[in-house]
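# Secondary and tertiary structure notes
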Amino acid sequence: MKLTRRGKSAVIAFVLFDLALAVILLDLFQLSASREAELELRELGATIYPEPRPLSDFELRDQFGNSFTANDFLGGWSLVFFGFTSCPDICPLTMAELKQFYRALEVSETDKPRIILVTVDPARDTPEAMANYLDNYNENFIGLSGDVDSISNLATQLYVAQSGGPYDEAAGAETAELHNHTEDSSTPGSTSDYLINHSAHISVISPQGENFAVMRPPHRDQDILKAFQLITKH
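Below is a short write-up of the structure. Keep in mind it's a predicted model, so treat the numbers as computed, not measured.

So, about the overall build of the protein. When helices and strands are counted, the protein shows five helices and 11 strands. Counting across all 234 residues of the protein, residues that qualify as buried make up 41%. Taking the intrachain contacts of the protein between residues at least 6 apart in sequence as the baseline, contacts between residues at least 24 apart amount to 69%. For the protein, the accessible area works out to roughly 13,400 Å², and carbon and sulfur atoms hold 53% of it.

Below, the structure is given as structure tokens:
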């Protein structure tokens with residue numbers, strides 16, 4: 001059967017219509033999946049920023065004395081938490097959950113995200129103190145310290161605030177939520193005479209070195225795992 005010119009035009013029109021319909025349905029499916037993921041993340045206490053922000057340069061030192069800059073975030077995912085080794089409650093609890101999360105990841109060691117603790121108490125958290133503290137959790141975890149200005153630089157970029165202690169200054173967004181320690185909190189055997197209130201969220205840094213997402217407290221290892229899997233698939 002030989003098609004007329006009008007018949008050929010009709011066939012082409014039908015094909016184009018079917019292609020357009022397929023594209024529309026695919027877009028709707030992807031939009032629906034994106035919304036479902038967003039809702040699930042919200043239930044887990046996590047949010048992907050609409051416009052991830054590249055981190056400007058900074059320089060801190062890890063627990064071995066090595067320099068750590070913005071370039072060290074490139075090439076892999078990182079979870080960054082601000083705290084201090086004399087913290088009596090939220091810090092050890094969060095680090096324990098991160099330890100469980102890290103252990104539960106079913107990927108090779110090279111594909112696992114960096115788990116980074118940045119101190120808000122550089123006066124007491126020497127590299128040696130950070131190393132001893134992180135040995136309680138995982139040898140691959142990174143502890144960063146430096147001078148107050150350098151720490152505040154990164155803290156501001158990650159919307160982290162702090163108050164109390166000898167520093168008594170906030171760094172971060174006005175909406176940052178501080179974890180307030182109780183007045184009678186103390187660490188057994190510690191010579192600490194002050195506490196520092198600080199933001200307790202976990203910042204998720206992308207392999208492109210961008211502040212990509214945030215996980216809000218309370219932190220539970222299974223929630224961190226689910227949120228991380230959803231974020232990295234985005």
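Taken together, six strands build an open sheet; the order of strands is S1-S11-S10-S4-S5-S6 and the sheet is mixed. Among the strands making up the open sheet, the edge pair consists of strand S1 (46-54) and strand S6 (142-144). Each strand of the sheet is rotated relative to its neighbour by a mean of 25°, with strand direction disregarded. For strand S4 (residues 78-83) and strand S5 (residues 114-119), the ladder comprises six bridges, and the chain directions are parallel. When the sheet's bridge partners are listed, Val80 is paired in S5 with Ile116. Across the sheet, helix H5 (residues 221-232) is in contact with S1, S4, strand S10 (202-205) and strand S11 (210-215); its angle to S11 comes to roughly 145°.

Another point: empty space enclosed by the protein. Scanning all chains against the criterion turns up two cavities of 30 Å³ or more. When its volume is computed, the largest cavity comes out at roughly 60 Å³. In terms of lining residues, the largest cavity is bounded by Leu44, Gly45, Ala46, Met215, Arg216, Pro218, His219, Arg220, Asp223, Ile224 and Ala227. Tallied by class, the residues present in the lining of the largest cavity amount to six nonpolar, two polar and three charged.

How two aromatic rings sit relative to each other is set out by the distance from centre to centre and by the angle between their planes. All told, the structure shown has nine aromatic pairs when counted by the stated rule. Taking 5.9 Å as the distance between ring centres and 65° as the angle between the ring planes, the aromatic pair formed by Tyr49 and Tyr159 counts as edge-to-face. Residue Tyr49 is found in strand S1, and its partner Tyr159 is found in the loop between helix H4 (148-157) and strand S7 (162-163); the two are separated by 110 residues along the sequence. The exposure class assigned to Tyr49 is partly exposed, which follows from its relative accessible area of 21%. Taken together, Trp77, Phe101, Phe212 and Phe228 form an aromatic cluster joined through their ring pairs. For Lys112, the ring lying beneath its charged end belongs to Tyr102, and the centroid distance is 4.5 Å. For the cation-ring pair, Arg124 lies above Tyr194, with the distance from its terminal atom to the ring centre recorded as 3.7 Å.

With that settled, consider unusual backbone geometry. Leaving glycine out, the prevailing phi sign among residues is negative, and the prevailing peptide bond configuration is trans. A cis amide bond links Pro217 with the next residue in sequence, Pro218, at an omega value of 5°. In this fold, Pro218 is placed in the loop between S11 and H5. For Tyr159, which is not glycine, the phi dihedral falls at a positive 60°. Taking the relative accessible area as the measure of exposure, Tyr159 reaches 23% and is therefore partly exposed.

Analysis parameters
- Residues numbered from 1 in each chain as written.
- Predicted model: local features only at pLDDT ≥ 70, side-chain atom pairs only at ≥ 80, totals over all residues.
- Heavy atoms only, no water.
- Helix = DSSP H or I, 4+ residues; strand = E, 2+ residues; numbered from the N terminus.
- Buried < 20%, exposed > 50% of the residue type's maximum accessible area, 1.4 Å probe, protein only.
- Contact = heavy atoms within 4.5 Å.
- Areas by Shrake-Rupley, 256 points an atom, 1.4 Å probe, with all protein chains shown as cover.
- Pairing = 2+ DSSP bridges.
- Axes fitted to C-alpha atoms, helices over the stretch in contact; angles between N-to-C directions.
- 1 Å grid on protein atoms, 1.4 Å probe; cavity = no way out; pocket = protein on both sides within 12 Å on 5 of 7 lines; lining within 4 Å.
- Points joined across faces, edges and corners; volume = space filled by probe spheres on them.
- Nonpolar A, V, L, I, M, F, W, Y, C, P; charged D, E, K, R; others polar.
- Phe/Tyr/Trp six-rings, centres within 6.5 Å; stacked < 30°, edge-to-face > 60°.
- Lys NZ or Arg CZ within 6 Å of the ring centre and 35° of its normal.

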